[in-house]
There are 2 protein chains.
Amino acid sequence: MSKKQIIMESALELFAKQGFEATSVQQITEHSGISKGAFYLSFKSKDELIMALIDQFMMQFISDIDHIVNDPNNSGEELLVKFFYTTFYSFQKHSDFAKIFIKEQAHTFNEELISKGRHFDQLIDDITLSMLDQLYGETIQHTKYDLIYCIKGFMHVYSHLFLFFNVPLDLDLLCRSLAEKTELLAKHSTIPFITDELYEMFRKTGHEEMTAGQIIEIMEQKIEELEDSIEKESLVLLKQDVQELSLSPAIVKGLITNIRNNPHCSWIAFLLLNYYEV
Amino acid sequence: MSKKQIIMESALELFAKQGFEATSVQQITEHSGISKGAFYLSFKSKDELIMALIDQFMMQFISDIDHIVNDPNNSGEELLVKFFYTTFYSFQKHSDFAKIFIKEQAHTFNEELISKGRHFDQLIDDITLSMLDQLYGETIQHTKYDLIYCIKGFMHVYSHLFLFFNVPLDLDLLCRSLAEKTELLAKHSTIPFITDELYEMFRKTGHEEMTAGQIIEIMEQKIEELEDSIEKESLVLLKQDVQELSLSPAIVKGLITNIRNNPHCSWIAFLLLNYYEV
DNA sequence: TATAATAATGACTGGTTGGTCATTTGTCAA
DNA sequence: TTGACAAATGACCAACCAGTCATTATTATA
């Protein structure tokens, strides 16, 4: 495991227990069994560390959930159940991170962190919206944004339960219960509160699309990290295509499928899917 | 305005902007126009200050909401709408405090603060439950705890909207929209997740009833603060009755009504109503 | 006006913080 | 064995923190 990974795992534990601000770099280095200097060889600052943690987990989480929603095998109420399941399972598996994210989200004053949080939040909104469109189509035109918010509310309160109480819970039951509630609201609620205009207004604050250049940068970095493999080869080809369109859509789709199931590439797969759709 | 109040208002502003830990006593005293020494004449520590702030606002909030739910004039869906309205109105009016509360709730490591937060949370649960019982009675026996959590979820996500975006919102519409959703869930959801046992388990962690002695202490303090008035006289009589039961229930009820509408006494009224019910 | 009592001050203390950098340690090929 | 390079160290720094207390200013009383 790389030094960076060791530090991140140590820090994760401490942050979850004590919070970000209350955990000193000193503590992290002691807990990792390294010196203070070594820490600053891996990270330029404490802020960069929390940023890396958030990136790592949110990318994984978002590509997981996107994978479920865009899988044509999932549909109807089963999709809804799986959507909740993926979310809660992920929260449970990475509970240390989930705790930090909940605690630190609204709390920080680092501009970059705030906008990062907002960005991920919007990505999750997009995925949720795409799922709702798939499930209910036109019938929820007026109430779809309210539905998103209700789903977020459900997730928030119920994830508290298994994050902050150590009780084994029946995740499956929980997800069926929430799917039923969502279904009820989708089919019968009539009074919308969040209109298109309102939603746009909430969103506007500083949302930047990712440019082709940024995607290429990320791909190049990943290409260097990977061993020779189908995934690496696919990435190289995809990079070339992003730089100068040359491959047919079918080939591109196939290449993305090649890398999608590798956890190290799922984030790039997500980015590319969004990129080619636009 | 007392020095204590000046400090509290200054601190409230700064805490809402920067968070509790990130705001130094120095900053507070500068913002209040007093010296550091003077601060420590009013509060024993920075922790005592945040505690006082939380007490002040939560007591007000809880007695407000309890007042609505226990008013026999309110019933049916109108009660539900008013319940939401009181909540959001209060959040809006005291938005600085609401921000702090949301940010700091899960974040602190002061034991006393955590248990205080949990205690208030449970009081809100109790009030919500009492409202749901009033509205739906036996029909929601299995799903009532889930309903509480859904309502909490609604409140959480929607309060974010007007706390962290500066947009004028139609509170009335919001509350009708949420009342409809709650009604839908109450009448049609069939799959419970939070059972009685589970709910008890979540609650168990350190909940202490308030003893007669503690109530008397609070009353004595308030009696000293008040000018001569009907309220003060009522308080004195009530205190005597708590010490040695002597008055008829009707008289007690009347005396509590006397003090209930005074904002300085509404918290004591709430405590007494709970005390006499048990 | 003199005296006592109270309120307010801000320099100071002991401690912790994130971050730096001259120095030491480890690892190679020659 | 040597020397060149990279990796790792931890003493050190300036900045800031919550909280104290000898001193001064203000007010009330006689």
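Small disclaimer: the values here were computed from a predicted structure and weren't measured. (Residues numbered from 1 in each chain as written. Chains lettered and ligands numbered in written order. Predicted model: local features only at pLDDT ≥ 70, side-chain atom pairs only at ≥ 80, totals over all residues. Heavy atoms only, no water.)

Asks: What's the story with the protein's contact with DNA strand C in this structure? I'm lost.
Replies: Neighbouring residues of DNA strand C: 15 residues in total, closest A:V25, A:K36, A:K46, B:K3 and B:S35. Between DNA strand C and B:G37, the relevant distance is 3.3 Å, taken from a base oxygen to a main-chain nitrogen or oxygen of the residue. For the surface near DNA strand C, the secondary structure elements donating two or more residues are helix 3 (36-42) of chain A together with helix 3 (36-42) of chain B. Here the surface near DNA strand C is composed, by residue class, of five nonpolar, six polar and four charged. (Near = heavy atom within 4 Å. Polar contact = N/O pair within 3.5 Å; in protein donor to acceptor, adjacent residues only side chain to side chain. Helix = DSSP H or I, 4+ residues; strand = E, 2+ residues; numbered from the N terminus. Nonpolar A, V, L, I, M, F, W, Y, C, P; charged D, E, K, R; others polar.)

Asks: Could you clarify how one ought to interpret the relation of the copies chain A and chain B in this entry?
Replies: There are two copies of the chain, and a rotation about an axis plus a shift along that axis relates them. Mapping chain A onto chain B leaves a residual RMSD of 0.1 Å; the transformation is a rotation of 180 degrees accompanied by 0.0 Å of translation along its axis. With respect to symmetry, the two chain copies, as superposed, fit the operation of a two-fold axis. Residue A:G153 of chain A places its C-alpha closer to the rotation axis than any other residue of that unit, at 2.0 Å. In this assembly the copies share their binding face: 98% of the residues contributing to the interface of chain A also contribute to that of chain B. (Least-squares fit on C-alpha atoms with pLDDT ≥ 70 in both. Contact = heavy atoms within 4.5 Å.)

Asks: Would you mind showing me how to read the protein's contact with DNA strand D here?
Replies: For DNA strand D, the set of nearby residues contains 15 residues, the closest of which are A:K3, A:S35, B:V25, B:K36 and B:K46. Here the atoms of DNA strand D within 4 Å of the protein split so that 56% fall in sugar or phosphate, with bases taking the remainder. Within the side chain of B:K36, one N or O atom sits 2.7 Å away from a base oxygen of DNA strand D. Within the side chain of B:Y40, an N or O atom sits 3.1 Å from a phosphate oxygen of DNA strand D. Of all the elements in the fold, those that place two or more residues in the surface near DNA strand D are helix 3 of chain A together with helix 3 of chain B. With four residues, helix 3 of chain A is the single largest residue contributor to the surface near DNA strand D. Of the residues in the surface near DNA strand D, the class split is five nonpolar, six polar and four charged.

Asks: Quick question: what am I supposed to make of the UniProt feature "DNA-binding region" (unreviewed entry) in chain A here?
Replies: Feature annotation in UniProt places "DNA-binding region" (unreviewed entry) on residues 24-43 of chain A, given in this structure's numbering. Regarding residues 24-43 of chain A, the helix share stands at 75% and the strand share at 0%, and the terminal C-alpha atoms are separated by 14 Å. (UniProt positions renumbered as here; feature names shortened; annotations may be inferred.)

Asks: Help me understand the layout of surface pockets, please; the structure alone is not making it clear to me.
Replies: By rolling a water-sized probe across the atoms, one finds the places where empty space is left. Residues and elements named next belong to chain B. As a volume, the second largest pocket reaches approximately 1,800 Å³. Taken together, 39 residues line the second largest pocket, and the ones lying closest to its centre are A52, D55, Q56, M59 and Q221. Of all the secondary-structure elements, those providing two or more residues to the lining of the second largest pocket are helix 1 (3-18), helix 4 (46-69), helix 7 (111-136), helix 11 (212-225) and helix 14 (266-277). Here the residues of the lining of the second largest pocket sort into twelve nonpolar, 14 polar and 13 charged. (1 Å grid on protein atoms, 1.4 Å probe; cavity = no way out; pocket = protein on both sides within 12 Å on 5 of 7 lines; lining within 4 Å. Points joined across faces, edges and corners; volume = space filled by probe spheres on them.)

Asks: I would appreciate a short explanation of the confidence of the model for chain A in the present structure.
Replies: Mean pLDDT for chain A: 88, with 96% of residues reaching 70 or above. Per-residue pLDDT, averaged within each element of chain A, yields its smallest value for helix 11 (residues 212-225) of chain A (81) and its largest for helix 9 (residues 171-188) of chain A (97). (pLDDT = per-residue confidence, 0-100.)

Asks: What's the story with empty space enclosed by the protein in this structure? I'm lost.
Replies: Residue and element names in this part refer to chain B. Summed over the entire model, instances satisfying the criterion amount to three cavities of 30 Å³ or more. Lining the largest cavity we find S63, D66, H67, R260, S266, A269, F270 and L273. Mapped by element, the contributors of at least two residues to the lining of the largest cavity are helix 4 and helix 14. Here the residues of the lining of the largest cavity are counted per class, giving three nonpolar, three polar and two charged. Both of domain 2 (53-204) and domain 3 (212-277) provide at least three residues apiece to the lining of the largest cavity. (Domains from an automatic or database assignment.)

Asks: Please explain the packing of aromatic side chains as it appears in this structure.
Replies: Aromatic rings in a pair are described by how distant their centres are and how their planes are angled relative to each other. All names here are of chain A. Under the definition given, this model contains 34 aromatic pairs over all chains. Here the aromatic rings of F84 and F88 are separated by 6.4 Å at their centres, their planes lie at 15 degrees, and the arrangement is stacked. One end of the pair, F84, and the other, F88, are both in helix 5 (residues 76-93), four residues apart, so they sit about a helical turn from each other. Assigned by exposure class, F84 and F88 land together as buried. Clustering of aromatic rings is evident, with ring pairs tying together F83, F84, F88 and F162. Looking at K46, its charged tip hangs above the ring of F20, at a distance of 4.6 Å from the centre. (Phe/Tyr/Trp six-rings, centres within 6.5 Å; stacked < 30°, edge-to-face > 60°. Buried < 20%, exposed > 50% of the residue type's maximum accessible area, 1.4 Å probe, protein only. Lys NZ or Arg CZ within 6 Å of the ring centre and 35° of its normal.)

Asks: Sorry, what's going on with the UniProt feature "domain: HTH tetR-type" (unreviewed entry) in chain A here?
Replies: Here, UniProt's "domain: HTH tetR-type" (unreviewed entry) annotation points to residues 1-61 of chain A. Between the first and last C-alpha atoms of residues 1-61 of chain A the distance is 22 Å; the span itself is 77% helix and 0% strand.

Asks: What should I look at first to understand the interface of chain A and chain B in this one?
Replies: By a widely used convention, the size of an interface equals the accessible area lost when the partners come together. Taken together, the contact between chain A and chain B spans 44 residues of the former and 43 residues of the latter. Together chain A and chain B conceal approximately 4,100 Å² of surface at their shared face, both sides included; 76% is due to carbon and sulfur atoms. Breaking the side of chain A that touches chain B down by element, the ones donating at least two residues are helix 1 (3-18), helix 6 (95-105), helix 8 (144-164), helix 9 and helix 10 (196-204) of chain A. The greatest single-element share of the side of chain A that touches chain B, amounting to ten residues, is contributed by helix 8 of chain A. The residue inventory of the side of chain A that touches chain B, partitioned by class, reads 23 nonpolar, ten polar and eleven charged. (Buried area = accessible area lost by both parts, 1.4 Å probe.)

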